[in-house]
Amino acid sequence: MAGLWPAICFVPRGCFATSFVPLYYNQFAVHTIKAIYPGSFDPVTNGHLDLIARGSKLFDHLVVAILQNASKSPLFSEAERIEMLTEGVRQFGNVSVATFNGLLVDFAREQHAEAVIRGVRAISDYEYELQMALMNRRLAPELETIFLMSDAKYSFVSSRLVKQVFELGGSVEGLVPPFVIERMKARRSS
Ligand code: PNS
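Predicted model only: the values in this text are computed from it and were never measured.

1. A few points about the overall build of the protein chain
So, step 1. Counting its regular elements, the protein chain contains eight helices and five strands.
So, step 2. Split into buried and exposed, the 190 residues of the protein chain put 28% on the buried side.

2. A word on the site of the ligand
So, step 1. Around the ligand sit Pro38, Gly39, Ser40, Leu67, Leu103, Leu104, Met132, Met135 and Asn136, and those are all the residues in its vicinity.
So, step 2. Every element with two or more residues in the shell around the ligand is listed here: strand E1 (34-39) and helix H6 (123-139).
So, step 3. Taken together, the residues of the shell around the ligand break down into six nonpolar, three polar and no charged.

3. Remarks on the pairing of strand E4 (residues 115-119)
So, step 1. Counting buried residues in E4 gives four out of five residues, a clear majority hidden from the surface.
So, step 2. Both E1 and E4 contribute to a ladder of two bridges, which runs parallel. In the sheet register, alanine 35 faces E4, and the bridge partner there is alanine 115.
So, step 3. In this sheet, strand E5 (residues 144-148) lies alongside E4 in parallel orientation, the contact comprising five bridges. Across the sheet, the residue bridging to valine 116 is threonine 145, located in E5.
So, step 4. Between E4 and its parallel partner E5, the chain crosses via H6, and the hand of that crossover is right-handed.

Here is what the cut-offs are and how they apply
Within every chain, residues take consecutive numbers counted from 1 along the sequence as written. Where totals are concerned, whole chains, interfaces and linings use all residues; where local detail is concerned, this predicted model gives features only for residues with pLDDT of at least 70, and gives and counts side-chain atom pairs only at 80 or more. Numbered from the N terminus, helices here are DSSP runs of H or I no shorter than four residues, and strands are runs of E no shorter than two. Buried residues are those with 20 or more other C-beta atoms within 10 Å of their own C-beta, exposed residues have 12 or fewer, and partly exposed residues lie in between; C-beta atoms are placed from the backbone. By definition, a residue lies near a molecule or strand provided its backbone-derived C-beta atom is within 6 Å of it. Residues are sorted three ways: Asp, Glu, Lys and Arg are charged, Ala, Val, Leu, Ile, Met, Phe, Trp, Tyr, Cys and Pro are nonpolar, and all the rest, Gly among them, are polar. Note on pairing: DSSP must find at least two bridges between two strands before they are called paired. With strands facing away from the observer, any crossover in which the path from the first strand over the helix to the second runs clockwise is taken as right-handed.

Below you can see the structure in the form of structure tokens.
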């Protein structure tokens, strides 16, 4: 459709043909919906990737947004988390990775996103997630939060537990992608 614009612009204003142009153009003006999936992703788990797969099917574009400068001191730097997530979302054509600072609602507005997705694993997650969703709604009523459930096999998986189990010598195979395990091993031996 973009190719039609020059032709449209050269039709004199008030001309009979121009009366039909907006109607014709509107037929092709597709509304696409962008969503944000925010988090710390320290590191990305298979539960996160499962949620990303679900989000990528629901929305036209999904931005996985890593919170910078989170108060908790992360295991992986921001650059490492970007690299791991970029690797993880490579298989999806409509998913990108970004970082943000400050309020999530401000980032969502900058991105022209209409929805935020968050994973809810258990009732214990729900209370915190509901608080955040309602606070975000107060700050940005136009932004909808959508809770998604990952596959039940990831319902107990969290970045925090993965780090703890790995640190204590347990296996985290199947819980995080192989490239994350490699990075964790490299971190341990350095
Ligand atoms: O993976 P996490 O650590 O559970 O993600 C939490 C996150 C990043 C979604 C949340 O801390 C957040 O949105 N922080 C941005 C600051 C903000 O907008 N706070 C007000 C909303 S409660």
